[in-house]
Structure formats: C-alpha cells, structure tokens
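# A look at the structure
Listed here are the chains, written in short residue letters.
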Amino acid sequence: MKTRFFLIACLAVVLAAPAFSQKAPEPVTKAEYVIALITDNEIASVRISAENCHRAYAIDWLERVSIKNGLLVFSKGKTSHAWDIEDAVAIEKVDDMIIIRLPDGIGLDWF
C-alpha cells in the first residue's frame, strides 16, 4: 500500500512540474541591456573603457541613444558614435553612471 501511494505521489509531482515551470527569458543583447538601464534609471553618464580607448557620454548624448545594426549609437547634434559592445567584459551600474568595460585588445590599432 505504501509503495503504491509513493508511486502515485511521484507520478503526480512529475506530471505537475511543467505546469509550474517558468518561461525562458527572451535573449537580450548587451546593447539592449544598456538601453534598458538608461531608460529605466536616471543615468547621468555612460563610460566606455578599454586599454587604449576611453570615452564618456553625458546626459546630452544619452537623450538620443539607440541601437542600429546591433551597435549602441550615441548621438548629439549631427555627431554620432557607434560601439559594438557585444564583446564587453563587464557592464556596471554605479549610482547614476554605467561603465562598459571592453576587452583590452580594443583600441590598440588606433594609435
């Protein structure tokens, strides 16, 4: 009797498990994640850093941040800068600032 009850209980748990499972989240690119951080929080600046390349974008650049062809694009007036941050090592939100750390090999061939 105990074995039958145990088997029925196990069968009920196994059959009920899919009903309580969560839907897997949609894959999000790193650029989409940064845009979400900017729009959901009061961000004052975004800093992009690599070994030989450092750039900071203040509030006036963040008003027109977008994604084009997978690139994170900062625009101010007629000037725009596009970054491929998919290889970013770290994306940090510290208070009102986002720091994006790119691999150290980025920027070595610019100089």
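Residues numbered from 1 in each chain as written. Predicted model: local features only at pLDDT ≥ 70, side-chain atom pairs only at ≥ 80, totals over all residues. Heavy atoms only, no water.

### Overview of the pattern of salt bridges
What the rule picks out here adds up to one salt bridge. Where K76 meets D60, a salt bridge forms, and the shortest distance between an N and an O atom there is 3.0 Å. Pair noted here: K76 is in strand β4 (residues 71-76) and D60 is in helix α3 (residues 59-62), with a separation of 16 residues, a long-range link. Residue K76 is classed as partly exposed on the basis of its relative accessible area, which comes to 38%. Accessibility expressed as a relative area gives 34% for D60, which makes it partly exposed. (Salt bridge = Lys/Arg side-chain N within 4 Å of Asp/Glu carboxyl O. Helix = DSSP H or I, 4+ residues; strand = E, 2+ residues; numbered from the N terminus. Buried < 20%, exposed > 50% of the residue type's maximum accessible area, 1.4 Å probe, protein only.)

### What about a negative patch on the surface?
On the surface, a cluster of negative charge is made up of E32, D84, E86 and D87. Among the structural elements, E32 can be located in helix α2 (residues 30-40). By relative accessible area, E32 is classed as partly exposed at 37%. (Patch = residues over 30% accessible without salt bridge, like charges linked within 9 Å, V, L, I, M, F, W, Y side chains within 5 Å. Areas by Shrake-Rupley, 256 points an atom, 1.4 Å probe, with all protein chains shown as cover. Lys, Arg positive; Asp, Glu negative; His and termini not counted. Charge placed at Lys NZ, Arg CZ, Asp CG, Glu CD.)

### Section: the confidence of the model for the protein chain
Detail in the predicted coordinates should be disregarded across regions flagged by low pLDDT. Looking at the protein chain, pLDDT values average 83 and 73% of them are 70 or higher. For the protein chain, helix α1 (residues 2-20) is the element with the lowest average pLDDT, namely 67, and strand β7 (residues 97-101) is the one with the highest, namely 95. (pLDDT = per-residue confidence, 0-100.)

### Digging into the environment of S80
Here S80 is to be found in strand β5 (residues 79-83). Sequence-wise, S80 and W61 are 19 residues apart; in three dimensions their C-alpha atoms are separated by 8.9 Å. Dropping the residues within four chain positions of it, S80 is found in contact with V73, F74 and S75. (Contact = heavy atoms within 4.5 Å.)

### A look at the pairing of β7
In this sheet, β7 lies alongside strand β1 (residues 45-49) in parallel orientation, the contact comprising five bridges. Residue pairing for β7: R47 is matched across the bridge by I99. In this structure, strand β6 (residues 90-94) lies alongside β7, joined through five bridges in antiparallel fashion. By the bridge assignment for β7, V94 is matched with M97. Joining the antiparallel neighbours β6 and β7 is a turn of two residues, in which D95 adopts a positive phi near 55°. (Pairing = 2+ DSSP bridges.)

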